[in-house]
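Structure at a glance
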Amino acid sequence: MGAPGVGKGTQAELLHRRLRACHLSTGDVFRAAGSQPDCDPSPAMKAALAHMRRGELVPDSTVWEMVRERSNCLHCRGGFILDGFPRTVTQAESLQRWMEHEYLSLTAVVNYELPFEEIVARLEGRRTCENCKAVYHITERPPKVSGQCDCGGKLFRREDDRPESIKVRLEAYQRSTAPLIEFYMGLGLLLHVSAAGSPEDIFESTFAQLEARRVREVARKVLVAQEDRQ
Ligand code: AP5
Ligand code: MG
């Protein structure tokens, strides 16, 4: 979790590399659907893409349908990382019910925090590769050759990184997504991580917090098992 541009995708990619867990980004899935030239999107997908361009949230029912279509990801042997989903309390409740039905559970919910000005600077400088989808920043994480991905692909600026869409996205985050902090705090799953510093340093503190949580969880299960035996 975290505001648009805080670095969720960057961290999810580093976690995916370390853990080999499946990385499911709802934003990436919508963008991929919008960039298929030969494919006529369904009316629901057309509406979703229009919401996205304006920086608004896509309706919960469309998001949920798309996540359900990719539910195999949540059964990946290496685990899974959800990036940009859930984004409303309704989505979080649907996910919770579905996971209980599938005997799955979340290990943790990482909430990245960064001052507003730095978030805007990250969004304004972001460039994405149209070929491999790698994410750069023009000053903080530049490619070897300006305007070109290290894979050779062309870099583009996301349509929703225009100032007017950024404003709408930040408002949507405050209104609809920030309430999830309380939701996941109530479930005892929330980990707060500062998103200031280099991506590698943020990754190390994320990983350390996840590991500490995993160790505590194993210890708790051992204790419960011992108590059951007595
Ligand atoms: P989505 O693609 O999820 O966008 P977002 O949440 O707005 O977040 P971003 O992807 O813009 O930022 P990020 O946090 O991943 O940052 P990044 O790592 O790229 O969603 C897009 C849209 O799809 C939504 O607006 C909505 O319309 C729709 N949507 C998607 N999911 C939905 C849902 N569940 N419900 C409803 N609608 C949904 O980093 C940003 C930049 O900063 C990059 O340039 C990066 O290189 C740089 N950077 C990263 N880390 C650092 C660092 N530590 N230091 C310096 N620079 C850094
Ligand atoms: Mg992202």
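So, a few notes on the structure that sits alongside this text. (Residues numbered from 1 in each chain as written. Chains lettered and ligands numbered in written order. Predicted model: local features only at pLDDT ≥ 70, side-chain atom pairs only at ≥ 80, totals over all residues. Heavy atoms only, no water.)

1. Overview of the overall build of the protein chain
Counting its regular elements, the protein chain contains nine helices and seven strands. A globule of 230 residues ought to have a C-alpha radius of gyration of about 17 Å, and the protein chain, at 19 Å, matches this closely. Here the C-alpha coordinates of the protein chain stretch approximately 65 × 40 × 30 Å along the principal axes. With 230 residues in all, the protein chain has 40% of them scored as buried. Carbon and sulfur atoms form 53% of the exposed surface of the protein chain, whose accessible area is close to 13400 Å². The averaged location of the 32 negative side-chain charges in the protein chain is 3 Å from the averaged location of its 32 positive side-chain charges. (Helix = DSSP H or I, 4+ residues; strand = E, 2+ residues; numbered from the N terminus. Rg over C-alpha atoms; globule rule 2.2 N^0.38 Å. Buried < 20%, exposed > 50% of the residue type's maximum accessible area, 1.4 Å probe, protein only. Areas by Shrake-Rupley, 256 points an atom, 1.4 Å probe, with all protein chains shown as cover. Lys, Arg positive; Asp, Glu negative; His and termini not counted. Charge placed at Lys NZ, Arg CZ, Asp CG, Glu CD.)

2. A word on the environment of Arg-77
Within the element layout of this structure, Arg-77 appears in the loop between helix H4 (60–69) and strand S2 (80–83). Between the C-alpha atoms of Arg-77 and Ala-21, which are 56 residues apart in sequence, the distance is 7.6 Å.

3. Thoughts on the side chain of Asn-111
Tracing the chain through its elements places Asn-111 in strand S3 (residues 109–113). Excluding anything up to four places from it in sequence, Asn-111 contacts Met-1, Gly-2, Tyr-173, Ile-181, Leu-190, Leu-191, His-192 and Val-193. (Contact = heavy atoms within 4.5 Å.)

4. Things to note about the nonpolar core
Ranked by internal contacts, the top residues of the largest apolar core, which has 53 residues, are Phe-30, Leu-74, Phe-85, Leu-95, Val-109, Tyr-112 and Tyr-184. Setting aside residues no more than four positions away along its own chain, Phe-85 makes contact with Thr-26, Val-63, Trp-64, Val-67, Gln-91 and Leu-95. (Core = buried A, V, L, I, M, F, W, Y, C linked by side-chain atoms within 4.5 Å.)

5. A closer look at the site of ligand 1
As a matter of local geometry, ligand 1 sits amid 35 residues, with Thr-10, Glu-56, Arg-87, Arg-126 and Arg-169 nearest to it. Between ligand 1 and Gly-5 there is a distance of 2.9 Å, counted from an oxygen atom to a backbone nitrogen or oxygen. The backbone of Lys-8 places a nitrogen or oxygen atom 2.8 Å from an oxygen atom of ligand 1. Starting from 1000 Å² of accessible surface for ligand 1 in isolation, the protein chains cover 97%. Here the residues of the shell around ligand 1 are counted per class, giving 13 nonpolar, eleven polar and eleven charged. (Near = heavy atom within 4 Å. Polar contact = N/O pair within 3.5 Å; in protein donor to acceptor, adjacent residues only side chain to side chain. Nonpolar A, V, L, I, M, F, W, Y, C, P; charged D, E, K, R; others polar.)

6. Focus on the packing of aromatic side chains
Applying the stated criterion to the full structure yields three aromatic pairs. Centre to centre, the rings of Phe-183 and Tyr-184 are 5.0 Å apart; their planes meet at 90°, and the pair counts as edge-to-face. On the basis of relative accessible area, Phe-183 is assigned to the partly exposed category, the value being 22%. The ring of Phe-207 is capped by Arg-18, whose NZ or CZ atom sits 4.5 Å from the centre of that ring. (Phe/Tyr/Trp six-rings, centres within 6.5 Å; stacked < 30°, edge-to-face > 60°. Lys NZ or Arg CZ within 6 Å of the ring centre and 35° of its normal.)

7. Quick look at the sheet that holds strand S4 (residues 126–129)
The strands that make up a sheet are held in pairs by hydrogen bonds between backbone atoms, and each pair lies either parallel or antiparallel. Taken together, three strands build an open sheet; the order of strands is S5-S4-S6 and the sheet is antiparallel. The open sheet has two free edges, formed respectively by strand S5 (135–137) and strand S6 (155–156), since each of these has just one partner strand. Strands in contact with helix H6 (residues 116–124) are S4 and S5; relative to S4, the strand with the most contacts, it is inclined by about 35°. (Pairing = 2+ DSSP bridges. Axes fitted to C-alpha atoms, helices over the stretch in contact; angles between N-to-C directions.)

8. Some words on the packing of helix H2 (residues 26–34) against helix H3 (residues 43–54)
Their axes nearest at 10 Å, the elements H2 and H3 cross at an angle of 115°. By the angle between their axes, H2 is roughly perpendicular relative to H3. The element H2 and its partner H3 pack so that their crossing is left-handed. Contacts between H2 and H3 involve Gly-27, Phe-30, Arg-31, Ala-33 and Gly-34 from the first element and Met-45, Ala-48, Leu-49 and Met-52 from the second. Its residues assigned to classes, the contact of H2 with H3 shows six nonpolar, two polar and one charged. (Parallel < 35°, antiparallel > 145°, perpendicular 65-115°, else oblique. Left-handed = near helix turned anticlockwise from the far one by under 90°.)

9. Topic: the pattern of salt bridges
Counted under the stated rule, the structure contains 14 salt bridges. Note that Arg-126 is salt-bridged to Asp-161, the shortest N-O span being 2.9 Å. Of this pair, Arg-126 sits in strand S4 while Asp-161 sits in the loop between S6 and helix H7 (163–177), and the two are 35 residues apart along the sequence. Several salt bridges share partner residues, and in doing so they unite Arg-126, Arg-158, Asp-160, Asp-161 and Arg-169 into one network. (Salt bridge = Lys/Arg side-chain N within 4 Å of Asp/Glu carboxyl O.)

10. Things to note about helix H5 (residues 89–101)
Helix length check: H5, at 13 residues, gives a terminal C-alpha distance of 18 Å against a target of 18 Å (1.5 Å per residue), a fit within 8%. Elements in contact with the buried residues of H5: H4, S2 and helix H8 (179–186). Tyr-103 sits one or two positions beyond H5 and adopts a positive phi of about 55°. (Expected span 1.5 Å × (residues − 1).)

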